[in-house]
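# Understanding the architecture of this molecule
The primary structure of each chain is shown beneath.
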Amino acid sequence: MAEKKRDPGPSVKDDELYEKLRDEGNSKEKSARIANAAANSSRSDVGHSGGKSGSYEDWTVDELKKRAKELDISGYSDLKKDELVEKLRNH
């Protein structure tokens, strides 16, 4: 059976990285953000650019809900802290 190639669209700058990220189970949006960030700099720079806000485990539930709202994530109001963290990480 032939492998089906996804078309990320014209806005994705690094198709190869996008495909790899999608194969790993990342969302379309997250894969496109990472692929474009890598195309605008080096891939190693992208990996080093994060980690400034601390671990979600250290955040309060109110802070996590505020972040979910900023990211336009729906269905977070009744979630427990660990469920909120999971939802934010997999957005």
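Residues numbered from 1 in each chain as written. Predicted model: local features only at pLDDT ≥ 70, side-chain atom pairs only at ≥ 80, totals over all residues. Heavy atoms only, no water.

### Some points on the overall build of the protein chain
Looking only at helices and strands, the protein chain has five helices and zero strands in total. Element order for the protein chain, N to C, with α for helix and β for strand: α-α-α-α-α. Relative to its 91 residues, the protein chain shows a buried fraction of 24%. Relative to all contacts within the protein chain whose residues are 6 or more apart in sequence, the contacts with residues 24 or more apart total 27%. Entry remark: accessible area of the protein chain is about 6900 Å², with carbon and sulfur atoms responsible for 47%. (Helix = DSSP H or I, 4+ residues; strand = E, 2+ residues; numbered from the N terminus. Buried < 20%, exposed > 50% of the residue type's maximum accessible area, 1.4 Å probe, protein only. Contact = heavy atoms within 4.5 Å. Areas by Shrake-Rupley, 256 points an atom, 1.4 Å probe, with all protein chains shown as cover.)

### Concerning the UniProt feature "domain: Rho termination factor-like N-terminal" (unreviewed entry) in the protein chain
UniProt's feature table lists "domain: Rho termination factor-like N-terminal" (unreviewed entry) at residues 58–88, given in the numbering used throughout. Segment residues 58–88 splits into 58% helix and 0% strand. End C-alpha atoms: 14 Å apart. (UniProt positions renumbered as here; feature names shortened; annotations may be inferred.)

### Observations regarding unusual backbone geometry
Notably, Asp72 is not glycine yet its phi reads approximately 60 degrees, a positive angle. Relative to the helices and strands, Asp72 is located in the loop between helix 4 (61–70) and helix 5 (81–89).

### Quick look at the side chain of Ser31
Summarising the element assignment, Ser31 is placed in helix 2 (residues 28–40). Among residues more than four places away in sequence, those in contact with Ser31 are Tyr18, Leu21, Arg22 and Asn26.

### Re helix 1 (residues 15–23)
Listed in full, the buried residues belonging to helix 1 are Leu17, Tyr18, Glu19 and Leu21. Just downstream of helix 1, Gly25 is the residue with a positive phi angle, here 100 degrees.

### Some details on the packing of helix 1 against helix 2
For the pair helix 1 and helix 2, interaxial distance at closest approach is 9 Å and the crossing angle is 145 degrees. Relative to helix 2, the crossing made by helix 1 is right-handed. The segment helix 1 lies against helix 2, with Leu17, Tyr18, Leu21 and Arg22 engaging Lys28, Ser31, Ala32, Ile34, Ala35 and Ala38. Residues that form the contact of helix 1 with helix 2 fall into these classes: seven nonpolar, one polar and two charged. (Axes fitted to C-alpha atoms, helices over the stretch in contact; angles between N-to-C directions. Left-handed = near helix turned anticlockwise from the far one by under 90°. Nonpolar A, V, L, I, M, F, W, Y, C, P; charged D, E, K, R; others polar.)

### As for the pattern of salt bridges
Here the structure, examined in full by the defined rule, presents three salt bridges. We note a salt bridge from Glu57 to Arg89, for which the minimum N-O separation is 2.8 Å. Of this pair, Glu57 sits in the loop between helix 3 (43–48) and helix 4 while Arg89 sits in helix 5, and the two are 32 residues apart along the sequence. A relative accessible area of 42% places Glu57 in the partly exposed class. In this structure Arg89 comes out as partly exposed when scored by relative accessible area, which is 40%. (Salt bridge = Lys/Arg side-chain N within 4 Å of Asp/Glu carboxyl O.)

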